[in-house]
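Observations on chain architecture
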Amino acid sequence: MHVIRGLHNLDASARGCVATIGNFDGVHRGHQAILEQCREHAARLGVPLTVVVFEPQPREFFAGEQAPPRLTRLREKVRLLGELGAERVLCLAFNEALRSLTGREFIDRVLIEGLGVKHLVVGDDFRFGCDRRGDFELLKAVGDAEGFGVEHTRTFTLDDERVSSTRVRTLLASGNFAAAERLLGRPYSLAGRVVRDQQLGRTIGAPTANLPLLPKPLTLRGVFAVIGELEDGRRYPGVANVGFRPTVGATRPTLEVHLFDFDGDLYGTRLTVIPCARLRGEVKFDDFAALKVQIQRDQARARRYFGLTDTTSNATFIRPAGEGWLASAPLGREAASSDFPSADDADANDG
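Reference entry: report on the structure contained in this document. Because the structure is predicted, anything quoted here is derived from the model rather than measured.

1. Brief notes about the sheet that holds strand E11 (residues 222-229)
If you trace the six strands from one edge of the open sheet to the other, you get E9-E14-E11-E12-E13-E10, paired in antiparallel fashion. Either end of the sheet is taken by a strand with one partner, and the two such strands are strand E9 (190-193) and strand E10 (209-212). Neighbour to neighbour, the strand axes of the sheet diverge by 35° on average, direction disregarded. Bridge analysis of strand E12 (residues 235-243) against strand E13 (residues 254-259) gives six bridges, and the strand direction is antiparallel. Following the sheet pairing, glycine 243 is matched in E13 by threonine 254.

Here it is, written out as structure tokens:
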């Protein structure tokens, strides 16, 4: 897998490929179907598969904090794309210079001069260029004239609905992790390197591993029963808070995870966290003592969810992450927070 950042880093070795363009947020089963379609053409033509993505994503550039929350960080997206057969990822900075290109200029500079594309796969509703004249018909016409093929993506549906990043976000916001897994083809997860923080959890017997989150709208927010997977593959059930920790006055969002029955140093290691069930929303407590009481309740509730008691060892927790542990709704009667976008916020081209 070769990641190319910016058109200026393209060289002759990157020319000649099958390409597709999009956000690929979540790399869900619809995206996976697109990549399978591209792999077929790449094998037929004997050229690499290149995926073109943008950073930031276009809606983030235009809408800022009003843009939909991300499902995957760029690093995780690149990893998943590589596992699905992408040999190169071209990451274009979405800025004023790129935004100002007309549709035809984008085709010439990125697809023809930059990538030397042999075949292109995009959605038939794909629009691009400052003049909004960049569309499937323009791509098809230029492709016919310049000698590269253009075809639209095959629609991938589940339960008679198109699989989209918006559908995944809506399911996660409602606490339906089981249905989100069906759309993603894997359990939804958050990952990162553990950093040092205030270490307040140690003072109440609940040490936590802290993973900083991007300062963007959060896909999830609240307290969850989770499974933590270490770099060596070991898995531990636990409880996690995702958000701003208002009681301790944090200013940046953090994923704070307490792994049951774990004793070790995780600083600097990579941790993958799989939310399994939503326990409650994030609350600002009057004091640290009240927070301590609630944390103990959260731990007990998460232990019950995983079938663990205070005396049960994690050694009994042997089922793979996602196998039977993903809830289809928040625990109890608590409704999903209104902080999250609804399906009505869907973007026609959110892939």
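2. Concerning unusual backbone geometry
Of note, the bond from glutamate 55 into proline 56 is cis; its omega dihedral lies within 30 degrees of zero at 0°. If you trace the backbone, proline 56 turns up in the loop between strand E3 (49-55) and helix H2 (58-63). Positive phi values are uncommon outside glycine, yet aspartate 159 reaches one of about 55°. Position of aspartate 159 relative to the elements: it lies in the loop between strand E7 (157-158) and strand E8 (161-162). The exposure class assigned to aspartate 159 is exposed, which follows from its relative accessible area of 53%. A positive phi angle, close to 60°, is found at aspartate 261, a residue other than glycine. Along the polypeptide, aspartate 261 turns up in the loop between E13 and strand E14 (270-280). You can call aspartate 261 partly exposed: its relative accessible area is 38%.

3. Quick notes on the pattern of salt bridges
Within the structure shown, the criterion is met by 17 salt bridges. Measuring nitrogen to oxygen at the nearest pair gives 2.6 Å for the salt bridge that ties arginine 70 to glutamate 60. A residue pair is termed long-range when its members are at least 10 positions apart, and arginine 70 in the loop between H2 and helix H3 (74-83) and glutamate 60 in helix H2 qualify at ten residues. As far as burial versus exposure is concerned, arginine 70 and glutamate 60 are alike and both buried. Residues aspartate 108 and arginine 104 are paired through a salt bridge, measuring 2.9 Å at the closest nitrogen-oxygen approach. Placement of the pair is aspartate 108 and arginine 104 together in helix H5 (residues 103-114), with a separation of four residues, close to one helical turn.

4. Some points on the packing of H5 against helix H6 (residues 136-146)
With their axes 11 Å apart at the nearest point, H5 and H6 run at an angle of 50° to one another. Comparing their axes, H6 and H5 come out oblique. Between H5 and H6 lies a crossing whose hand is right-handed. Contacts between H5 and H6 involve Gly103, Arg104, Ile107, Leu111 and Ile112 from the former and Leu138, Leu139, Val142 and Glu146 from the latter. For the contact of H5 with H6, the residue count by class is six nonpolar, one polar and two charged.

Thresholds applied
Residues numbered from 1 in each chain as written. Predicted model: local features only at pLDDT ≥ 70, side-chain atom pairs only at ≥ 80, totals over all residues. Heavy atoms only, no water. Pairing = 2+ DSSP bridges. Helix = DSSP H or I, 4+ residues; strand = E, 2+ residues; numbered from the N terminus. Axes fitted to C-alpha atoms, helices over the stretch in contact; angles between N-to-C directions. Buried < 20%, exposed > 50% of the residue type's maximum accessible area, 1.4 Å probe, protein only. Salt bridge = Lys/Arg side-chain N within 4 Å of Asp/Glu carboxyl O. Parallel < 35°, antiparallel > 145°, perpendicular 65-115°, else oblique. Left-handed = near helix turned anticlockwise from the far one by under 90°. Contact = heavy atoms within 4.5 Å. Nonpolar A, V, L, I, M, F, W, Y, C, P; charged D, E, K, R; others polar.

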